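Remarks on the overall topology
As a plain string of letters, each chain reads:
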Amino acid sequence: MTENIFSLPVVNQISPYLSQRQAGELPVIVVNHPKVRAAITLQGAQLIAWQPNGEKPVIWLSEKTPFTAGKAIRGGVPICWPWFGPAGQPAHGFARNQPWTLSAHDENNDNVLLTLVLESNEQTKALWPHDFTLIARFRLGEHCEIELEAHGEYQATCALHSYFNVADIQEVEVSGLGSAFIDKVKGGEQGTSADGKQRYVGQVDRIYTQPEDCSLIHDKAGERVIEVYHHHHSDVVTWNPGVELSCSMADMTNHGFQTMVCVETARINTPMKSAPEQPARLGTTFRLRKKR
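Residues take numbers from 1 onward in each chain, read along the sequence in its written order. Per-residue local features of the predicted model are confined to residues with pLDDT of at least 70, and side-chain atom pairs are confined, for both listing and counting, to 80 or more; whole-chain, interface and lining totals are unaffected and use all residues. Each side-chain value is derived from all of the structure's non-hydrogen atoms; neither hydrogens nor water enter the calculation.

Let's shift gears to the environment of R281. Counting through the fold element by element, R281 comes out in strand β22 (residues 280-290). Taking the C-alpha atoms as reference points, R281 and Y229, 52 residues apart in sequence, are found 14 Å from one another. Two residues qualify as a contact provided that any one of their heavy atoms is within 4.5 Å of a heavy atom in the partner residue. Contacts of R281, omitting those with residues within four sequence positions, involve E147, L148, E149, H232, R267 and M272. At a separation of 2.7 Å, a polar atom in the side chain of R281 contacts the side chain of E149. Strands are runs of DSSP state E lasting at least two residues, helices are runs of H or I lasting at least four, and both sets are numbered from the N terminus onward. Definition of a polar contact: a pair of N or O atoms within 3.5 Å, with one able to donate and the other able to accept a hydrogen when the atoms are protein atoms, and with sequence-neighbouring residues admitted only if both atoms are side-chain atoms.

Set out below in structure tokens:
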């Protein structure tokens, strides 16, 4: 799926390393840099590919996701804002379904920097009454950095709902999650983990409420570790739909669950608070570590 994005025809060459292309109904900013390939859709300011030079793709994208205007993309790093989960309609907020504007870009020998902006409008006001400016910044190189900055006066729940490529979910273990979690598969039951690690047998949907600042995705079959650093967070969510849910989802193949895991930097139990002179922030950094 990732390969298809980089073979799309160029609509507009923005700079030496940046081009705009079209995936279905959605414009995509494609980064082709000596150190990295990446792609971000203008809808949702959603990273849908990040692949440092010489590495396999790190970000998972469903083979069946529709690139349809106004419809959520399955995979990548959706920005769930200003609410997480079913707290309102649409689920996971409207930021990921709205068209954003590319407001700035810069590039050097090491990375590409992109800034995208979403401002309150008639559509958002119909769903949520607040004025806001939301800024998403991306630094894409050997590491991937994403920062969300929310301006206005309100509070919001939020997640950077990151989907990662793994070779085989049955051989994946995520560490650094802390002990306490809320189990959404069991209707919000509270639980504890003795070692702060999560393995994936069947459906997993947990909000870890006392996580460490870094989660490690041990992709044993893929012979690599993905480091996920969390900034300004209160929670870390991890999700895998398992076989039954995967089979029931229109935008995921029946076997889609086998090659993905979500490890999400989030503010759920402690909402983000934005004040006039004090924007709220949420950020994440991805790094790759080879298995020795």
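Two strands are counted as paired when DSSP detects at least two bridges linking them. Taken in spatial order, the 5 strands of this open sheet run β1-β2-β3-β4-β5, and their pairing is antiparallel. Every other strand in the sheet has two partners, leaving β1 (10-15) and β5 (46-52) as the edge strands with one partner each. On average, each strand axis in the sheet is tilted by 20 degrees relative to the strand beside it, whichever way the strands run. Looking at chain direction, strand β4 (residues 36-41) and β5 are connected through 6 bridges and run antiparallel. Looking across to β5, one finds that R37 is bridged to Q51. Every axis corresponds to a line fitted to the C-alpha atoms, with the helix fit spanning only the stretch in contact, and the corresponding angles, defined between N-to-C directions, vary from 0 to 180 degrees.

Turning next to the pattern of salt bridges. Note on definitions: salt bridges are taken to be side-chain nitrogens of Lys or Arg within 4 Å of carboxyl oxygens of Asp or Glu. Applying the stated criterion across every chain yields a total of 13 salt bridges. In this structure, the salt-bridge partner of K125 is D131, at a minimum N-O distance of 2.8 Å. Residues joined in a network through salt bridges with shared partners are R137, E147, E149 and R281.

Pairing within the open sheet is antiparallel, and its 9 strands lie in the order β7-β8-β9-β10-β22-β19-β18-β13-β16. Each edge of the open sheet carries a strand with a single partner, namely β7 (101-107) and β16 (198-199). As paired strands, strand β10 (residues 144-152) and β22 are joined by 7 bridges and run antiparallel to one another. Each bridged residue has a counterpart across the sheet, and for A150 the counterpart in β22 is A280.

The next thing to look at is the nonpolar core. In a soluble, globular protein the nonpolar side chains are often hidden away together inside. Take the buried residues of types Ala, Val, Leu, Ile, Met, Phe, Trp, Tyr and Cys, join any two whose side-chain atoms come within 4.5 Å, and each joined set is a nonpolar core. Here's how the labels work: a residue is buried when its accessible area is under 20% of the maximum for its type, exposed when over 50%, partly exposed in between, all with a 1.4 Å probe on protein chains only. Ranked by size, the top nonpolar core spans 58 residues in total, and within it L47 and W81 carry the most contacts. Counting residues per element, this core draws most heavily on strand β9 (residues 132-140), at 5 residues. Aside from chain neighbours lying at most four places away, what touches L47 is A39, I40, I59, G76, V77, F138, L140, C144, I146 and F286. I5, F6, V30 and I73 belong to the second-largest nonpolar core, a separate cluster that totals 12 residues.

This part covers the pairing of strand β20 (residues 235-240). With 6 of 6 residues buried, β20 lies mostly within the body of the structure. Neither face of β20 is exposed, since D235, V237 and W239 on one face and V236, T238 and N240 on the opposite face are all buried. Here β20 runs beside strand β21 (residues 260-274); their pairing, made up of 5 bridges, is antiparallel. Looking at β21, one finds that V236 is bridged to T265.

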